[in-house]
Structure formats: C-alpha cells, structure tokens
Amino acid sequence: MMPFIPVLLWSDILLWLLVAVCIAGAVMARRSEHILTSWRRIAGSANGMAALTVLAAFFLIGLLDSVHYRPRLAQQTGVSISAANYGVEVLSLLDALAAPLKNNSEKTYSAPLATRLFSKETIEEAVVGTDGGTAAGTDARIVRDYPRLIYGGAHLGADTAGAGQDMLVTGLIGAALGLAVWLVMAWLLRAMLPDGRGRKSVLATLAVLLLIFAPLLALSTHYHVFGTDKVGQDVFYLTLKSIRTGLLIGTLTTLIMLPAAVLLGILAGYAGGWIDDVVQYLYTTLNSIPGVLLIAAAVLMMQVVIDTHPQWFATAAERADARLLALCAILGMTSWTGLARLLRGEALKLRELEYVQAALAFGVPRLAIMLRHILPNVMHIVLIAVVMDFSGLVLAEAVLSYVGIGVDPSTISFGTMINAARLELAREPVVWWSLTAAFAFMFALVLAANLFADVVRDAFDPRTRMSP
Amino acid sequence: MSEMLAVTDLAVTIQTPRGLARPVDGVSFSIAAGEVFALLGESGCGKSMTALSLLRLLPEAGSIAGGSVRFAGRELLAMSEQEMREVRGGGMAMIFQEPATSLNPVMTVGAQIAEVLGVKGEAARLLGVELLDSVGIPDAGRRLDEYPFQLSGGMKQRVMIAMALAGEPKLLIADEPTTALDVTIQAQVLDLLDDLRKSRGMALLLISHDLGVVAEMADRIGVMYAGQLVEVAPRDAFFSSARHPYSKKLFAALPDMSRRTSLLETIAGSVPAPTNIFKGCRFADRCGFAKSVCGSQAPPWVVAGEGHSVRCHFPDAENIAVQQLEEIRQPVSSHAPLLETRELKLHFPIRKGIFKRTVGHVRAVDGVTLALAQGRTLALVGESGCGKTTVAKAILQLLRSSSGSVMLSGQELTTLSNSGLKPWRGAMQMIFQDPYASLNPRLRVGEIIAEGMRTLLPGGADKQKIATLLASVGLDADMAGRYPHEFSGGQRQRIAIARALAVEPRLLICDEPTSALDVSVQAQILNLLRDLQQRLGLAYLFITHNIAVVDFLAHEVAVMYLGRIVEQGTVDEVLRNPQHPYTLALVAAVPSIVATEGKDKAPPLSGDMPSSSHPPTGCHFHPRCPRAMDVCRREYPKASQLSATRRVHCQLFL
Ligand SMILES: Nc1ncnc2c1ncn2[C@@H]1O[C@H](COP(=O)(O)OP(=O)(O)OP(=O)(O)O)[C@@H](O)[C@H]1O
Ligand code: SF4
Ligand code: SF4
Ligand SMILES: [Mg+2]
C-alpha cells in the first residue's frame, strides 16, 4: 500500500505541459541559429540573467507546489487493515517540505518573529507559590497579557529573554549554510554557463537571494518570520503558496489565448478580405466592452455553474482549481486582442515581402505559406508578447481577487492576501505584515518579469537587433 | 587657389562587437573654394564616415583617432563643441541620401526651415520663401505650410538643400544626394547643386558611387577603398587615364552598349571589413596585378601627372583586357512570342470610410501591350511608381488584372483559376529587387531553393539538383546548409536566381535585380544573367531604371510613363534615336562618363510624375512635355508605328 495517492489537478497538467513544451522548444531551438543568437544575447545581459535567476527561483517554488497528492491517514484502530484511508486534503510537495510552517498555526495574529500574540488576552497564569512550593500548581491567577505563542520560539520555553540572541545565532547559521550552498552552485554554474557578464550577474543574484532566504528559512523553523494572520496561519507559508497561483495565472492565461491570437491575427493579416473584416470586428467589439465588466460577468456566471454542480469535483482543491482555470480562460478571452492586432499588422507587412511573393509565384498553397513564411517570422512577437503579458496578468489577478471576482476564496493568492489585509489595515494597531509580505513578493516577481521582458524584447526584436 | 578645407591623415575608429574598426584610416585631401571634390567608392569603404567626421557628427561608439581638419584656416578637431556648432550652422552643411528620413514628419517645412534659421514670425517666412525659391520649388509660400509627406522625393531633397543653404555655408557636403531619386529628378537636383555652387562660390564635397554623376559634377575625384584614398585626380585625367587597378576595375565593370559582346569586368570578393588589420596593399587580394610586394608592403603615393597621384606599386600596368564572349548573340528569333500582353489594365481601388466604399482608382497599369520572344530580353524602363512592378505581378498573376490579356505560349492566363495556373507557374518566375527581403531569413538556402521544386516539379527536390543549381549561379554546394544572413547582397541575388531557375522557367521577370548592388557586384549578376540566357534560352522581362544596363543586356525596350507604354522598339532605335519627348528627356537625363562638355544637352524635365490616381487628361505627359500642344491636353494619342519594330504614342507622330 502506498503512503499516498498522486492527485493530478488540471492546472498541474497544463503547467507541466508548459514545462515540457519549453524544454522541447529549447531542444529544437538548438538547431536554429537565429533563436540561439537571440538567447546568447540574453545570456550576455546582466539585467536579463539577474531577472531570469529570480524568476527561476519563483518557478522552482511554483513547480514544487504543483505536485499534488493525498496522504494516507494514520491507521485507526477498529478499521479493517485492508482498506487504506486517504485524507481528503490535497497536499503538494511544497506543503510536505514546509510542513512545520503549514501545521504550526497559532491562535491569531502575531507579529513577525514574535514569541507572543499581537494583542492582549485574558489568560490564566500559574502562580509559583511563595511558601516554598507546597501548594504549587493549585494556585492560578487570571491576568491580561500577550499570550505566549504555541510554536513561535517554542524551543525557548517560557523564558523569551534570549530570543533576540537566538535569532541572531540561527540567522547566522542560516547565512553560513546559504554561503555553502552558494559555493556549490557557483562551482556548478562555472561548468554550465560561459564566462561573462551574464554569469557574474547570476552569481551575484544568487548570492543576494541566498543571503536573504537562507537565514529566513533557518529562522522559520522556530519562528513565524513574517508573522501570522487572523487565524494564526504562517504568513511566510501563505506567500510561498501564492506564488503558484500567480505563476499559473501569468502563464496559463497566455497559453490559452495564444492559439486564438496567433491563428486569428495571422489569418486576418494574410488572408485579408472578409476574414480580416470579421476578425477586426470581433476584436474591436471585445475591446470596446470594459474589460472588468466582462470579466466580472463571466466570473459570476462561472461561479454559479460551479456552485450548482458540486458533484463534478471530488475535493475542494479540485473545485478551487477549476475556478482558477476558468479565470485563466476568461482573462485569456479578453486579452488575446492585443496580440492578434500586432500579428495582423505584421502579417499584413510580411504578405507584401518579396519572399512571400516568390512563394506565391511557385503556387505554394496559402496554408503552407502561412506556416513556412509568416509564422516563423512573427514568432519573436509572440514570445515578446507572452513575456510582457505575464506581469500584467499577475497584477490583474491581485486586482480581481481584491474586488472579489478573482480566484476561489480558499485558494491562497496574492490577491486574497491583499483582500484580507483590507481589514487588517483598519485595525489599531495596524497589522501590516501580511500586506507587506504579499506586496514584496509580488513586486519582486513582477519586477523580475518586466526586466526579463525588456531584455527579451531587445534580444528578439529585429529592429533593435540590427544595431550592435 | 585658396584652400577651403584641408584634411590630413584623418583617422576614425569605432568600437564594434567584432573589435576596433577603422572605417577611415589616414585620409588626406583638400578642397578649394568653389570646387567640387568627389569621393567615389563602393559601399562600405568609408565615404560617409569621412564626411561625418568632418562635421564631427560620428556615431556614439566612434571617435576621431588622429589627423587634422583645417576649415577656412581653423583647426576643427581642436574646437569646442560650442564652436563646432557654429561651424555646422554657418560654415559647413550636409545633405543626406534619404530625403524621406532627414525631415521631421510632424513639422511643416516652414517650421523646420525657421528652426535652422533661428528666426521667427514674418521674417522667417520671408527668408523661407526666398530659400525655397532659390532651390527652384514653385509656389514656395504654399509649400512652407505643408508637411514632408505632401512632398515628392525630389522636392524633399530640395527642401533639405534649402535648409543646408540657410546658414550660407562655404562648403556643402552632399552624401549620395540623388541615389534615392529617379534619373529625371536626379538631373534636376544635380543641376540645382551646380547652379548654387556657381552663384554662391560654394565648395562641394560630393559623395557618390555613380561614375556618371561624378563625371558630370566633379572637378577633382578621390577614389576611396577600405578606409583610404587610393587615387586622387582631376576629372579629365581620371576619366581618360585612371591609374589605380581599383579605379580601372570600376570603369570596366560599368555596363554599356560597347560591352554588349563582352563580359563585364567583375571584382572578385568584397571590400574587406574595417576591423581588418592590413599589412600590404588593401586591394591586394582582389587585384589582378598583385605581386608579392603588394602583400607585404603598403604602396606609396606615386605622382602620375599634374594633381594626379596613385597609391599603388605598379601604377603603369596596362589596361584590363576585355574578355570577348565566344558566342555571338543569337539572331533575332522570329518565333511566335512567348509572352504577350494586350491592353493589360490593373486598377487598385481606393477605399474610404467605414463601409470601405470605393472612391476612386489608382491606375497603376493602364493598357500595356508587350510581346517577348524566346531567348530575348525586353527591358521595361520608367520612373519610380509608373507601374513597372505592377505589370510584372499582373503577368505572373500574383495580382489579377482588371482587364486585358496575358498570354504565355498562346495560353490565356487571366482567365485561369489558381489551380489551373499551377502548370504554368513553373514556366514564368521572378527575381526581385531587394535581395534582403526576397529570402525568408528563417529558412536555409537549400530549403529556399527546394520550395518551388517541391511544389511544381514531379520529381520534387533532391540534394544533387540543389547542388547543381548552386553551381550554375556560381555558389558552392555546401552553402545549401547556411542561412541567408550569412551572405552578401550579390550572393543573395544569386540564391534568388537559383530559386527561380529551380523550376526550369522559360520566362524570367527581373525586377531591378541589381539596383541595390554595387557596380562590381552588379557586373557579376549581369554577366550571370546573360550567360544563363545563352545557355538556357531564357526570355527576360527586365525591369530597370538604369539605361546603361538596358544598353548592355536588352534587345528591345519599352518605356513606361504613368501606367502606359509611351515608346517601344529595339534598343538601338529607342536609345540611340529616341522619338517620344519623354524618352528623349529620360535618355538625356542619364549622367554619362563620356565627356559631354561641348555637346549641349536637353534641359532636365521639370516637375514630377503626377499621381496615378489622378492622371492628367489627354497625354499623361503633357504637364511636363516641352512640346505639348492643345490637342495633347484633350486626347490620348494613339499608337503610331514608326518602323516594323517601333511604336510611339505621341501626337507629334500621328
Ligand atoms: N497594393 C496597392 N494598392 C494600391 N496602390 C498600389 C498598390 N501597389 C502599387 N500601387 C500604386 O501603383 C502605382 C505603380 O506602382 P509600382 O510598384 O508598379 O511602380 P514601379 O514602377 O514598380 O515603381 P518602382 O520603380 O519604385 O519600383 C504606384 O502609384 C503605387 O503607389
Ligand atoms: S599595390 Fe599591388 S595589389 Fe595594390 S593595387 Fe597596386 S598592383 Fe594591386
Ligand atoms: S502627345 Fe503631346 S504632350 Fe504627349 S508627349 Fe507627345 S507632344 Fe508631348
Ligand atoms: Mg518596382
């Protein structure tokens, strides 16, 4: 009997498919000189490689969070041994790795690195007897104080005076470990990447990342480094979980819209005539409906459908996943127009180019011309658009979830975290750490994506490629 | 003679990814007041960079590495940027090759001129009108309020010249000022430059690759090669007895009638990259006279005559022997024509508004009748925009004609469907003007050549065939695995020719196949085309605006103006003895390297070609025709047959 059964969520399948496509693309690109030179330009750019390193770290977390399973429940006495029981909760590899973070829930808010709760509560305190301990344990006093956390700094015991020193030591140990990891990685990268600005920048970025995260990880074994939220969940854990949601929205949305955008864009530009009119009409109409309204309507409809068909989903995770995918699809429906318009313009231009005319003079069928002559020559636009759209979509998720038409409330995302922070900011004293953590992570992700997009555009755009 | 500009040992370096480039490497020359000095050379040999460094307008990564530039007695290289700006405004001015991109598209002409003048309001207007008048722009007051897109190419170049004149420069630098213009417009602009020079006593540094333009304009000539001057000579000495092997090759590469039965001289290889480090003569690996000393020792300047010096070890080597063709040209074939068009018309609808209502037509091709026999070459000449390319596309059925007929070997093509055309596709192929746009950058050369074979030939494509084809256009078989960007312009044009030949056509339409190439490369392609014609008996419809190429290659000529053929006949008839006023002007406008001093030339045509959406009534040419009569404005002249082979559309011959 297995200790778990794997669970394949649809989003997992799509995400891993995307990874497979990327790997296949990379293998094919090895044969194409154009793509290789463009990637070499990226590999030689300090900004690009730094951004890529940060993105890779995010993707690593996201992919770890995309291997799902249901653990076997501990055998209960009285239940027959043959029938194994699996929990209804769907866990991911990340959950397993971060089990302490996931499970060590406090009662409610606590500040980052705190050992006590954030607000005073009425607690019973055992009073140490003054008369030599005869009646010890029996006496209890009711006091109002900050209650001690159950897990945060638990190893220190009741005496939290040494917490600062302990954190410093743990942090330093973490940093030392980080340094060791860095050295190993530097040694590995030396063999993998050619010397140059690119590699230096990767190493520098890795150093910064490890210096920040190794101490954080070390500390997180004993403390809530980013504090806890209203129900006592570790905020660090929540931010880590949000990454997958952001990545999914950013990548799957483009993946869903891509075939439509590429097909319609090229078709409209190349075929012209009534096809062009229809496609143009379609995207002009779509564009003139306010996007948020369209999305809100579609999301609400989708919500109703999902709510009325509970039998479709075995677990809550599957339901949340379906909602996430539906959101991607809806965002994709409304955002293909930009790319389609770009591609139409480009195809319109390429159609008049002489090599297309030459192919026409050979009587090459139109479909073959589109596949051989148009598509490969607009791929750079597609790639640039995909990378550029990514950050916009991550931000869009946050906004949509904030206004309540985003992901399922049970899905952890930057948007839901920010949504929750709405009330926290109104508290006195302010609970600032959820918002700050979500904001910092999202900022890093979006900034890295934007930087990377710029570099990709420079490397792949033939206009900028001309000048050395 | 007072020296206006003295350049000594000027050197420019540019930081490039491939190393330090030296596009200008020790150039010395001087220009006297009122003199025209021409810099001549192939593309990439440092002409423009020399000009830019005189104004200290080098690109970001470039810097002046040494030498001196003395202008009107002052050293420019020692000046502050502030002083330099004054020189640029007043002393020296420059005009560029591409008039379209040198003007700001969102400012009116008047505003741009006012900006250069540095004055505002009524004063600027008056000066602006005066300047535009001086460069021969009619109706100057109205033009001041127009935007660049409302002007034709020649007009834009005039505006550029007007702006350059605003500061009353003593030296005008003109970098290929007429390369982007049609011959008739080129003649206007060159005339204007010459007048201005005479009336203002201005010196002119003219940069050109066109020997004809140089012969018409220059007093002295400097030939540049790989960043250095290799020969400096007065015009007459240069055109009668050029001494440097490179100069001689340039002359021998020029196509013209006298070389019809000979091969054009070509220069093997290409200009070396400016990042090269040279030891001996820079021309050594392309020079037919090179001896061992050339490879090891840089040649010294040798004085060859009054004001004439050459940088060569063997300036007295005899002239290049002309290689005679073995076969004589085939006699006129009297077979039925391979290609025949009759009253071919192609009108592009002009659509406006949301409902795309047709509001008019561009009459790009408006009744073209041509005939071409197997093994012959028919040249189609005319100014840009007169509809030459459209004729080609209509013959190939890439564009469907509005009316008229196209017959290939007696088969009517205009009525065939796309699938019906398929058997005929292989018989007619096209070679395009721009070798950089005519090959798909994402496909390997082998795949590019195979494309037509796979669609049209029953046997499909195989390696052996591709190798044979590459060999037949003078390329190596192993080049099939490479991508187009690894090839030079001339090589790309060869690939394009191989692609067309792959399907064994009988008719090849060549749309300005050499206009984007240097003279020496053009010579290679022309030799190749003629060789192919003799081996394979191809018929060429050769579209060009270069009369010299027509003279060299064509048997018959058709002259096109605004969508119609105005004169056609054999080469000798049309070019030696043009009859139609437009042909007359066209032939006269071609700058010639034969001394034309005494012979008086027809004045250049005035005005521009009208738009083909609103062609003039009657004879399309009447607004520009010096012999226009009343009847010309009313009726389009019918064809008059002047000889068995010659037909003209002009009222003078009715
Ligand atoms: N697709 C099109 N739609 C509308 N007008 C067109 C189109 N193609 C060409 N024209 C117009 O038709 C006329 C003839 O164009 P064409 O390209 O045949 O000229 P050309 O003689 O080949 O000129 P060039 O020497 O510059 O190549 C021009 O006025 C041009 O603007
Ligand atoms: S020096 Fe030698 S190689 Fe150079 S041009 Fe003269 S003969 Fe040719
Ligand atoms: S018909 Fe009249 S206007 Fe036209 S070319 Fe002849 S003389 Fe000139
Ligand atoms: Mg053309």
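Before reading on, note that the structure itself is shown above.
Residues numbered from 1 in each chain as written. Chains lettered and ligands numbered in written order. Predicted model: local features only at pLDDT ≥ 70, side-chain atom pairs only at ≥ 80, totals over all residues. Heavy atoms only, no water.

## Description of helix α11 (residues 245-253) of chain B
Right, so step 1: Most of α11(B) sits out of view: 9 of its 9 residues are buried.
Right, so step 2: Where the residues of α11(B) are buried, they touch β3 (36-40), α9 (211-217), β9 (220-225), β10 (228-234), α10 (235-240) and α18 (519-536) of chain B. (Buried < 20%, exposed > 50% of the residue type's maximum accessible area, 1.4 Å probe, protein only. Helix = DSSP H or I, 4+ residues; strand = E, 2+ residues; numbered from the N terminus. Contact = heavy atoms within 4.5 Å.)

## What about the environment of I354(B)?
Right, so step 1: Summarising the element assignment, I354(B) is placed in the loop between β13 (339-352) and β14 (357-372).
Right, so step 2: In this structure the C-alpha to C-alpha distance between I354(B) and A65(B), which are 289 residues apart in sequence, comes to 59 Å.

## Some thoughts on the nonpolar core
All names here are of chain B.
Right, so step 1: Ranked by size, the top nonpolar core spans 143 residues in total, and within it L5, F29, L54, M92, F238 and I449 carry the most contacts.
Right, so step 2: Beyond its immediate chain neighbours, meaning those up to four positions away, I449 contacts I466, L469, L470, I495, A498, R499 and A502.
Right, so step 3: Counting 62 residues, the second-largest nonpolar core is a separate cluster that includes L344, L370, V574 and L586. (Core = buried A, V, L, I, M, F, W, Y, C linked by side-chain atoms within 4.5 Å.)

## Focus on the sheet that holds strand β16 (residues 403-408) of chain B
Residues and elements named next belong to chain B.
Right, so step 1: Strand order in the open sheet formed by 4 strands is β14-β13-β16-β17, with antiparallel pairing between adjacent strands. Looking at which strands have only one partner, the edges of the open sheet turn out to be β14 and β17 (411-412).
Right, so step 2: Note: β13 against β14, 12 bridges, orientation antiparallel. Residue pairing for β14: K352 is matched across the bridge by R357. (Pairing = 2+ DSSP bridges.)

## Side note on the pairing of strand β11 (residues 301-305) of chain B
Residue and element names in this part refer to chain B.
Right, so step 1: With 4 bridges connecting them, β11 and strand β12 (residues 308-311) associate as antiparallel partners. Bridge assignment links V303 to a residue of β12, and that residue is S309.
Right, so step 2: Between β11 and β12, which pair antiparallel in sequence order, lie 2 residues; one of them, G307, sits at a positive phi of approximately 65 degrees.

## Let's talk about the sheet that holds strand β5 (residues 74-75) of chain B
All names here are of chain B.
Right, so step 1: One open sheet accounts for 4 strands, arranged β2-β1-β4-β5; its pairing is antiparallel. Across the chains shown, the open sheet's two edge strands, defined by having one partner strand only, are β2 (19-32) and β5.
Right, so step 2: Pairing analysis gives 10 bridges linking strand β1 (residues 3-16) to β2, with the strands arranged antiparallel. If you follow V12 over to β2, its bridge partner there is V24.
Right, so step 3: With respect to the sheet, helix α1 (residues 47-54) is in contact with β1, β2 and β4 (62-71), its orientation differing from that of β1 by roughly 115 degrees. (Axes fitted to C-alpha atoms, helices over the stretch in contact; angles between N-to-C directions.)

## Focus: the site of ligand 2
Right, so step 1: Taken together, 13 residues are adjacent to ligand 2, and C281(B), C287(B), C294(B), C312(B) and H313(B) come closest.
Right, so step 2: For the shell around ligand 2, the per-class residue count stands at 11 nonpolar, 2 polar and no charged. (Near = heavy atom within 4 Å. Nonpolar A, V, L, I, M, F, W, Y, C, P; charged D, E, K, R; others polar.)

## So, unusual backbone geometry
Residues and elements named next belong to chain B.
Right, so step 1: Positive phi, normally seen in glycine, also occurs at A72, with a value near 50 degrees.
Right, so step 2: Following the sequence through the fold, A72 ends up in the loop between β4 and β5.
Right, so step 3: At L562, a residue that is not glycine, the phi angle is positive and equals roughly 50 degrees.
Right, so step 4: Within the secondary structure, L562 is located in the loop between β21 (556-561) and β22 (564-570).

## Brief notes about the interface of chain A and chain B
Right, so step 1: Contacts between the two partners involve 24 residues from chain A and, on the opposite side, 29 residues from chain B.
Right, so step 2: In this assembly, chain A packs against chain B so that about 2300 Å² is buried in total across both faces, 55% of it on carbon and sulfur atoms.
Right, so step 3: At the surface where chain A touches chain B, the tally comes to 1 salt bridge.
Right, so step 4: In this structure, the salt-bridge partner of R372(A) is E451(B), at a minimum N-O distance of 3.1 Å. (Buried area = accessible area lost by both parts, 1.4 Å probe. Salt bridge = Lys/Arg side-chain N within 4 Å of Asp/Glu carboxyl O.)

## What about the site of ligand 3?
Right, so step 1: What surrounds ligand 3 is a group of 13 residues, the closest being C619(B), C625(B), C632(B), C650(B) and Q651(B).
Right, so step 2: Among the residues making up the shell around ligand 3, the classes are represented as 9 nonpolar, 3 polar and 1 charged.

## Overview of the packing of helix α3 (residues 46-64) of chain A against helix α15 (residues 433-460) of chain A
All names here are of chain A.
Right, so step 1: In contact at an axis separation of 8 Å, α3 and α15 are set at 135 degrees when each is read in the N-to-C sense. As the angle between them shows, α3 and α15 are arranged oblique. For the pair α3 and α15, the crossing hand works out as left-handed. Across from N47, G48, A51, L52, V54, L55 and F58 in α3, the residues of α15 making contact are F441, A444, L445, A448, A449, L451, F452 and V455.
Right, so step 2: A class-by-class count of the residues in the contact of α3 with α15 yields 13 nonpolar, 2 polar and no charged. (Parallel < 35°, antiparallel > 145°, perpendicular 65-115°, else oblique. Left-handed = near helix turned anticlockwise from the far one by under 90°.)

## Regarding the side chain of D95(A)
Residues and elements named next belong to chain A.
Right, so step 1: Checked against the element boundaries, D95 lands in helix α4 (residues 93-97).
Right, so step 2: There is a polar contact of 2.5 Å between the side chain of D95 and the side chain of Y237.
Right, so step 3: Setting aside residues up to four positions removed in sequence, D95 forms contacts with V90, K102, Y237 and K241. (Polar contact = N/O pair within 3.5 Å; in protein donor to acceptor, adjacent residues only side chain to side chain.)

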